[in-house]
Amino acid sequence: MALDSEPPTTDQRASSAALTDRTLAVWEIVSVASSIVIAEWMLAAAAGFSKAIVAIPVGLAVLLILLSQRVRGETLRDIGFRFDNFLRALYLLAAPVFIFAVVCLIIGWRLGSSFDFFRWHPKRYLVWQLALGFLWALVQQYVLQGFINRRAMIVAGRGWQSVLMVAAVFGLLHLPNVWITIITLLAGAIWAAVYQRAPNLFALALSHSVMTWFIVSTLPPSALHHLRVGLGYFF
Amino acid sequence: MNLFSRGMLFQLLIGKSVAEALLVTAVAAGFYLTTTNPNLRGWLDQADKETVSGWAVDDGNATNRVDVQLFIDDRFIEQRSANDFRPDVHQAKRAEDDWHGFVFKTPALPPGEHEARVYAVYRGASATRRTLQIIGKPLRFRINAAPRQ
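Asks: Give me the lowdown on the environment of H114 of chain B, citing residues and values where you can.
Replies: Residues and elements named next belong to chain B. In this fold, H114 is placed in strand β6 (residues 112-122). Taking the C-alpha atoms as reference points, H114 and F85, 29 residues apart in sequence, are found 27 Å from one another. For H114, the contacting residues outside a window of four places in its chain are I72, D73, L109, F141 and I143.

Asks: Break down the nonpolar core for me, with residues and values.
Replies: By size, the foremost hydrophobic cluster in this structure holds 50 residues, and its most contacted members are V32, I148, V166, A192, V194 and L204 of chain A. Mapped by element, the contributors of at least two residues to this core are α1 (10-42), α2 (55-71), α4 (86-110), α5 (126-156), α6 (160-172), α7 (178-197) and α8 (201-218) of chain A. Looking at this core element by element, the count peaks at 10 residues for α7 of chain A. Other than its neighbours up to four places away in sequence, A192 of chain A contacts Q145, N149, V163, V166 and A167 of chain A. By size, the runner-up hydrophobic cluster in this structure holds 19 residues, among which are A47, L70, A95 and A116 of chain B.

Asks: A description of the interface of chain A and chain B should follow, citing residues and the corresponding values.
Replies: With 23 residues of chain A at the interface, the matching set in chain B holds 22 residues. Elements with a minimum of two residues in the side of chain A that touches chain B: α1 and α2 of chain A. Partitioning the side of chain A that touches chain B into residue classes produces 14 nonpolar, six polar and three charged.

Asks: Help me get a handle on the environment of T36 of chain B, residues and values and all.
Replies: Residues and elements named next belong to chain B. Along the polypeptide, T36 turns up in the loop between α1 (3-35) and β1 (40-47). Along the backbone, T36 and Y122 are 86 residues apart, and their C-alpha atoms lie at a distance of 7.0 Å. When residues no more than four places from it in sequence are discounted, the contact partners of T36 are Y122, T131 and Q133.

Asks: Give a detailed account of the packing of α4 of chain A against α8 of chain A, specifying residues and quantitative values.
Replies: Residues and elements named next belong to chain A. Remark: α4 packs on α8, axes separated minimally by 10 Å, with the N-to-C direction vectors making an angle of 10°. Judged by the angle between their axes, α4 and α8 are roughly parallel. Across the interface between the two elements, F86, A89, L90, L93, V97, F100, A101, C104, L105 and G108 from α4 touch F202, A203, L204, S207, V210, M211, F214, I215 and T218 from α8. Residues of the contact of α4 with α8, tallied by class, amount to 16 nonpolar, three polar and no charged.

Asks: Let's hear about unusual backbone geometry: which residues, and what values?
Replies: A cis amide bond links L175 of chain A to the next residue, P176 of chain A, at an omega of 5°. As for its placement among the helices and strands, P176 of chain A is situated in the loop between α6 and α7. The backbone phi angle of D74 of chain B is positive, close to 65°, even though this residue is not glycine. Mapped onto the elements, D74 of chain B comes out in the loop between β3 (67-72) and β4 (75-81). Judged by the 7 C-beta atoms lying within 10 Å of it, D74 of chain B falls in the exposed class. In this structure, K93 of chain B takes a positive phi of about 60° despite not being glycine. Position of K93 of chain B relative to the elements: it lies in the loop between α2 (87-91) and β5 (101-105).

Conventions and cut-offs
Residues numbered from 1 in each chain as written. Chains lettered and ligands numbered in written order. Predicted model: local features only at pLDDT ≥ 70, side-chain atom pairs only at ≥ 80, totals over all residues. Helix = DSSP H or I, 4+ residues; strand = E, 2+ residues; numbered from the N terminus. Contact = placed C-beta atoms within 7 Å. Core = buried A, V, L, I, M, F, W, Y, C linked by C-beta atoms within 7 Å. Buried ≥ 20, exposed ≤ 12 C-beta atoms within 10 Å, placed from the backbone. Nonpolar A, V, L, I, M, F, W, Y, C, P; charged D, E, K, R; others polar. Axes fitted to C-alpha atoms, helices over the stretch in contact; angles between N-to-C directions. Parallel < 35°, antiparallel > 145°, perpendicular 65-115°, else oblique.

Quick look at the structure:
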């Protein structure tokens, strides 16, 4: 009976609060990922609607991210919009990016792909395309690391479990493009691990943009399928 | 995170889930309505080695002649307009005039069992998609081997 039960101890309360925090963090990750899935897979299926309908799930996800960060008291510096650890993050990224570039060159060479470092968007200046790529990468890294990685660390703490969680989310969001899913799974793990040691979104976005440029320039375009993901992959 | 903040986040997550569920439902319903014509009526009356015939009417636009496609054994055979003389359909009050029938000439087929299906073509509001809706039920028919001379 409730009357006979003793009030919860401080330890029990703390444990319960932590559990609720973890549950909320899981729900936040699933919620943002589901918004992206809806946007990716709904775009081509939204017959009769304007394509702008995709702004609804994207807008809801952005609203959730901003309000969650406010509620949790996360500052821009906490999230990774900072420069004090920029060089340290670049240093941590240098070796993986170099290895990645070499692997891309080897795979491309083995598959007989022609290397062309101007084919990302041939109608745009490369510098302009790299700048646009950097901005888009910054948005992706903000969501992936500044939101999902930070929630994954609430769920599983720092370390390989939360790194794998982030990599899995990032990889699965690139289905059904198998090549891009594998690449983003590996790259997602590298970025998540680096972010946990040196949270700097600018360095991550820079490496993201450079890695994308290398992928597009070295791997066969037929395999990459124009980097399309979601339902758009089939059209 | 204090209790108030946690409650606010919880409510936000619930609200977002409900909003997205409604959005997905609306898109699914919209997709169905833009790719399907619920006003199409018709029937596949007969199929044999000579002809495949029936009728098709668009109740939403009764003066319109419905385009129909014949498939035999899942293979496209022919498209034509359902504008043949069928006074019985009009008399049965299924159409507003006598001109909603269709008759396809059955192509040469090998001996054995075959299945005929007729689909109405629906263009919808968007020019980017055309869909097919089956008319009546598929009909099976048999082609006998030619007798030896």
